[in-house]
Amino acid sequence: MSNRDWSHLLDIPPFPAENYAVLADRLGALMATKNDVLLIQAEAVLALEAVATSLAHPGLKALNIVTSPYGTWFGHWLAAGSADVVNLTAPPALPITVEAVKAELDRHTDIDILSLVHAESASGILNPLEEIAALARERGILTIVDAVASVGGHALDVDRLGIDIAVIGPQKALAGTAGLSAISVSSAAWTLLQHDKAPRISMLSLLDQKEQWLDLGRHALPGTPAPLEFFALQAALDRLEAEGIVEVQKRHELAQHATRAGLLALGAQLWVPDPVASALITAAVLPEDIDRRTFLSRRNIAGADITAGVGPDTERLVRLNHTGRRASEEAVLANLTAFSQALEVQGHQNDLQAALKSAADTYRRSVNNL
Ligand SMILES: *Cc1c(COP(=O)(O)O)cnc(C)c1O
């Protein structure tokens, strides 16, 4: 890594203007949508802020589902724009339930938009997006989805589910770089975005993007685009499409199942049950007598990536990362090895060989089932 020649990153030619629309279409295909796709020249948190800020105005009522800090921020941006925000917060590090969403929608019959995160890399949970989107659709409510972490790891059927705005980024399961993001926008969402409090002449303005790019025929992007980021996105999409998006999703699912099987063989406690677990990271609950800081200081074996849970009440959680290029047998086995050794250092005997076998068997079984 350190002796790479970074000077290759200099003197990059401009990104060909005609290729921006091609990239947008390729991202639309990943999201399974025919909606407009905007390319945002910033990391995905800015895209999320742009969506909330562009939608927000007095008189807009939002049901904002909170399952991590991203949801908290989204509600904050909506409220900063004087929208009426009802925050529905799931129990810490757990998914929201369909019943809770339904009850809240029944309580507030004047909701205009519903926002949620699809899958969380902070806690390793998967929200019941399909059912929630259906509830919203029945009531004529627009759905806004943060799919930054989930795209590539889980099926994301924007048009089939009727998702009006979806935000994605290449830096998680798509294994790209973090400097760009994308937003899909339905025609109903464009109608809602047309209001006289909408930000203009602003990096946060979706209407500016529409007028300065979509409406002008999707040629050059406004401003000075960073060619490095666009070439990197193109390369990430080339690699992804060569493998196939469904294969990429399967690879994440397999890493998830192998990780869970291995952890169970180590006697570890999984944080969430299968149906609500994300394929991006797996969270495990440490035993009471294990000190997490010591545990995490012992996890640094080559190829492993184990970190602390993020958010309130996650003090006992650790996360095994199997997102993007890490959704591989090699990374799963390295994580399990690190987990086993970190337990053993604190006197918890465990059967690493059994764990590695369980994980490897998960992979062998999937090959035999092809
Ligand atoms: C990663 C992620 C983002 C992007 O935020 P960064 O932490 O800055 O990469 C947004 N939403 C979700 C759900 C994410 O997992």
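Residues numbered from 1 in each chain as written. Predicted model: local features only at pLDDT ≥ 70, side-chain atom pairs only at ≥ 80, totals over all residues. Heavy atoms only, no water.

## Considerations on the site of the ligand
Okay, so step 1: Taken together, E43, V45, L48, Y70, V117, E120, S121, D146, V148, A149, Q171 and K172 make up the full set of residues adjacent to the ligand.
Okay, so step 2: Contact distances for the ligand include 2.6 Å between an oxygen atom and a side-chain N or O atom of E43.
Okay, so step 3: Q171 has a polar side-chain atom sitting 3.4 Å from an oxygen atom of the ligand.
Okay, so step 4: Isolated, the ligand exposes 370 Å² of accessible area, and the fraction of that covered by the protein chains is 83%. (Near = heavy atom within 4 Å. Polar contact = N/O pair within 3.5 Å; in protein donor to acceptor, adjacent residues only side chain to side chain. Areas by Shrake-Rupley, 256 points an atom, 1.4 Å probe, with all protein chains shown as cover.)

## Comments concerning a nonpolar patch on the surface
Okay, so step 1: Together, W6, L9 and L228 give the surface a local cluster of nonpolar side chains, amounting to about 290 Å² of exposed area.
Okay, so step 2: You can see L228 is positioned in helix α9 (residues 227–243). (Patch = residues over 30% accessible without salt bridge, like charges linked within 9 Å, V, L, I, M, F, W, Y side chains within 5 Å. Salt bridge = Lys/Arg side-chain N within 4 Å of Asp/Glu carboxyl O. Helix = DSSP H or I, 4+ residues; strand = E, 2+ residues; numbered from the N terminus.)

## Overview of empty space enclosed by the protein
Okay, so step 1: Applying the stated criterion to the full structure yields 3 cavities of 30 Å³ or more.
Okay, so step 2: There is about 80 Å³ of room inside the largest cavity.
Okay, so step 3: Lining the largest cavity are L48, N64, I65, Y70, G71, F74, S115, L116, V117, I144, V145 and D146.
Okay, so step 4: Looking at the lining of the largest cavity, the elements that each hand over two or more residues are β2 (61–66), α3 (69–80), β4 (113–117) and β5 (142–146).
Okay, so step 5: Tallied by class, the residues present in the lining of the largest cavity amount to 8 nonpolar, 3 polar and 1 charged. (1 Å grid on protein atoms, 1.4 Å probe; cavity = no way out; pocket = protein on both sides within 12 Å on 5 of 7 lines; lining within 4 Å. Points joined across faces, edges and corners; volume = space filled by probe spheres on them. Nonpolar A, V, L, I, M, F, W, Y, C, P; charged D, E, K, R; others polar.)

## Some details on the packing of aromatic side chains
Okay, so step 1: Counted according to the given criterion, the structure contains 7 aromatic pairs.
Okay, so step 2: Consider the rings of F15 and F230, whose centres lie 5.6 Å apart with planes at 35°: the pair is tilted. Taken as a pair, F15 in the segment before α1 (19–30) and F230 in helix α9 lie far apart in primary sequence, 215 residues in all.
Okay, so step 3: For F230, a relative accessible area of 1% corresponds to the buried category. (Phe/Tyr/Trp six-rings, centres within 6.5 Å; stacked < 30°, edge-to-face > 60°. Buried < 20%, exposed > 50% of the residue type's maximum accessible area, 1.4 Å probe, protein only.)

## Things to note about the confidence of the model for the chain
A low pLDDT means the predicted coordinates there should not be read in detail.
Okay, so step 1: Of the residues in the chain, 99% reach a pLDDT of 70 or more, and the chain-wide mean stands at 96.
Okay, so step 2: Taken element by element, the chain is modelled with least confidence in helix α11 (residues 292–297), mean pLDDT 93, and with most confidence in strand β6 (residues 165–168), mean pLDDT 99. (pLDDT = per-residue confidence, 0-100.)

## Looking at the nonpolar core
Note that soluble globular proteins tend to have their nonpolar side chains buried in a common cluster.
Okay, so step 1: Judged by nonpolar contacts, the single largest core of 78 residues is most densely connected at L27, V51, V101, L114 and I183.
Okay, so step 2: Counting residues per element, this core draws most heavily on helix α2 (residues 44–55), which supplies 7 residues.
Okay, so step 3: Ranked by size, the runner-up nonpolar core spans 27 residues in total, among them L270, I290, L296 and I306. (Core = buried A, V, L, I, M, F, W, Y, C linked by side-chain atoms within 4.5 Å.)

## With respect to the sheet that holds strand β11 (residues 317–321)
Okay, so step 1: Pairing is antiparallel in the open sheet, where 4 strands are placed in the order β8-β9-β11-β10. Both edges of this open sheet fall to β8 (269–270) and β10 (306–308), since each of them pairs with a single strand only.
Okay, so step 2: Relative to β11, strand β9 (residues 281–285) is paired through 5 bridges, and the arrangement is antiparallel. From the neighbouring strand, A284 faces β11, where its bridge partner is V318.
Okay, so step 3: Across the sheet, helix α10 (residues 245–265) touches β8, β9 and β11, and the angle it forms with β9 is around 20°. (Pairing = 2+ DSSP bridges. Contact = heavy atoms within 4.5 Å. Axes fitted to C-alpha atoms, helices over the stretch in contact; angles between N-to-C directions.)

## Brief notes about unusual backbone geometry
Okay, so step 1: Phi is positive for I201, which is not a glycine, with a value near 45°.
Okay, so step 2: One non-glycine residue, R218, adopts positive backbone phi at about 60°.
Okay, so step 3: Secondary-structure assignment places R218 in the loop between α8 (206–214) and α9.
Okay, so step 4: Owing to a relative accessible area of 23%, R218 belongs among the partly exposed residues under this scheme.

## A few points about the pairing of β9
Okay, so step 1: Buried residues dominate β9, accounting for 5 of its 5 residues.
Okay, so step 2: Of the two faces of β9, the one lined by I281, A283 and V285 and the one lined by T282 and A284 are each fully buried.

## Description of the packing of α2 against α3
Okay, so step 1: Their axes nearest at 8 Å, the elements α2 and α3 cross at an angle of 35°. When you trace α2 past α3, the crossing you get is right-handed. Facing V45, L48, E49, V51, A52 and T53 of α2, the residues of α3 in contact are Y70, W73, F74, W77 and L78.
Okay, so step 2: Residues belonging to the contact of α2 with α3 are distributed by class as follows: 9 nonpolar, 1 polar and 1 charged. (Left-handed = near helix turned anticlockwise from the far one by under 90°.)

## Considerations on the pattern of salt bridges
Okay, so step 1: Tallied over the entire structure, the rule returns 18 salt bridges.
Okay, so step 2: For D106, the salt bridge goes to R139, with nearest N and O atoms at 2.8 Å. In this pair, D106 sits in helix α4 (residues 98–107) while R139 sits in the loop between α5 (129–138) and β5, placing the two residues 33 residues apart along the sequence.

## Brief notes about the packing of helix α12 (residues 329–345) against helix α13 (residues 352–368)
Okay, so step 1: Interhelical geometry of α12 versus α13 gives an angle of 160° and a closest axis separation of 10 Å. With respect to their mutual orientation, α12 and α13 come out roughly antiparallel. Handedness of the α12/α13 crossing: right-handed. The segment α12 lies against α13, with E329, V332, L333, L336, T337 and S340 engaging L352, A355, L356, A359, A360, Y363 and R364.
Okay, so step 2: Here the residues of the contact of α12 with α13 sort into 9 nonpolar, 2 polar and 2 charged. (Parallel < 35°, antiparallel > 145°, perpendicular 65-115°, else oblique.)

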